[in-house]
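Close look at the chain arrangement
Chain residues, written in single-letter form:
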Amino acid sequence: MATLLTTKSGAWYVQFYDGRDRKTITLPLRFDKNTAEELQQTVKRLIYCRDNVMPVDKRTLVWIDTAPEIIREKLANVGLISAPQKQTCLELWDTFLVEKEEIKPSTFEMYETSRRRFFQFFKEDRQISALTQSDMLEWKRFLKNDLAEATVAGTFAKTKAVFNWAVAKGWIETSPMNEIGGGSYENSENDRYIEVEEYLKLLEACPCQEWRVIITLARIGGLRCPSELLRLRWEAVHWHKNMFSVVSPKLEHHKGKGWRYVPLFPEVRRELEALRSTYEGEEPAFVINRYRDPSQNLGTQFARIAKAAGLKKIPRPFDNMRASRATEVYAEFGPKNEEAWIGHSKKIALQHYLMVRQGDYAKAAKLELTDISYQ
């Protein structure tokens, strides 16, 4: 027997006897009579099933699972259901990362970075069920104080995946990050087209032939550095076919899409041949050997080379060298070849890689309508 009553303040409560003990479940004022009546019926069914040693019916279980957490807590407090498990933010991140430990190292590192940024704002013992959209918006504002919008977007994307995993595991009902946009991945302030003249100055300032090859493969070959560039093997250079094959770590788990063929551009061939001529004895497996140690920061070393070349600071140098080449290939050989050689879809190329070059303005300024073909 469960009775539905109301307090003087208007709050609804359900009262029932458990043996000789009288127990009460009082709902906060925000809950209406309909919810109170549903709770009353749920209490009756739970008591009946318990007293008759019967499994709880599916309808009752669904109602409990979808009920607000505070109602589940109150049902647990009077002994009608098991206490809902409460996980902390630290438990969430640690458990998620353990389960995802077999993902690519670069992706795992991105999750680790997002985790570090998360705990710069939230306490480790904070219960995930207590997090709200307002909390996440505050965190987003906090991140924007020090990070570029594209970096914030990447951090939010990885964190959203963690909370969606928590929902799938039943740790929380809904993600506090739902309906909160992470922002744009584009950051045009760091876009920097690297002119051919600058590329040549960089080559002259290189301390060794391997560095000349690194810069050439990034700026002329359009390879991702370090993920594609350091994986390039000599056996992948097909001299007689005027091409070399590149393994893409981003796509290698997709059958038939983990590699692409890149033309052996004259600049690339010249620098590769020069490097090959420096070997004495057996040829090594990889093209780049001196700079394979993960502890070596290629970006820092590039900055020294750029300074020696007399160039101003180049943000995201390897991304910008790749984007510069993508822009040239797209303009000179078309979107199909840009996709095949550089590895971008047309949509991605337009959104994130293609740049407007200074020379484009000069070219447009000299162009007359009679020079344009409308065929």
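Right above here is the structure, for reference.
Summary of the structure given here. Here the residue numbers are simple positions, counted from 1 along each chain's written sequence. Local features in a predicted model are, by the rule used here, given only for residues with pLDDT of at least 70; side-chain atom pairs are given and counted only at 80 or more, and totals for whole chains, interfaces and linings are based on all residues. Side-chain measures were taken over the full set of non-hydrogen atoms in the model, leaving aside hydrogen atoms and water.

Only protein chains enter the accessibility calculation, which uses a 1.4 Å probe; a residue whose area is less than 20% of its type maximum is buried, one above 50% is exposed, and one in between is partly exposed. Only DSSP runs of H or I with at least four residues qualify as helices, and only runs of E with at least two residues qualify as strands; both kinds are numbered from the N terminus onward. Those residues of helix 10 (residues 266-276) lying buried are Val268, Glu271, Leu272 and Leu275. In an axial view of helix 10, the angular spread of the buried residues amounts to 100°, which keeps them on one side of the axis. Pairs of residues are marked as contacts when any of their non-hydrogen atoms sit within 4.5 Å. Among the structural elements, helix 8 (196-205), helix 9 (209-219), strand 4 (237-238) and strand 5 (243-247) are those in contact with the buried residues of helix 10. Of all possible arcs, the one meant is that of the directions from the helix axis to the C-beta atoms.

Turning next to the nonpolar core. The term nonpolar core refers to a set of buried residues drawn from Ala, Val, Leu, Ile, Met, Phe, Trp, Tyr and Cys, joined through side-chain atoms within 4.5 Å. Counting 46 residues, the largest nonpolar core has Trp211, Ile215, Leu229, Phe244, Leu272, Phe302 and Phe318 as its most contacted members. At the level of elements, helix 8, helix 9, strand 5, helix 10, helix 11 (298-308), helix 12 (317-333) and helix 13 (335-342) are the ones that each hand at least two residues to this core. Tallying contributions element by element places helix 9 first for this core, with 6 residues. Not counting residues within four places of it along the chain, the set of residues in contact with Leu229 comprises Ile214, Leu217, Ala218, Leu223, Arg224 and Ile288.

Turning our eyes to something else, we now look at the sheet that holds strand 1 (residues 2-6). When DSSP finds two or more bridges between two strands, those strands count as paired. Here we have 3 strands laid out as an open sheet, ordered 1-2-3, and antiparallel in their pairing. Edge positions in the sheet fall to strand 1 and strand 3 (21-26), since each of these pairs with one other strand and no more. Neighbour-to-neighbour, the strand axes of this sheet turn through a mean angle of 25°, independent of strand direction. With 6 bridges connecting them, strand 2 (residues 12-18) and strand 3 associate as antiparallel partners. Paired with Tyr17 across the bridge in strand 3 is Arg22. Axes here mean lines fitted to C-alpha atoms, for a helix over just the part in contact, with angles spanning 0 to 180 degrees between N-to-C directions. Across the sheet, helix 1 (residues 33-51) lies against strand 1, strand 2 and strand 3, angled at about 15° from strand 2, the strand it touches most.

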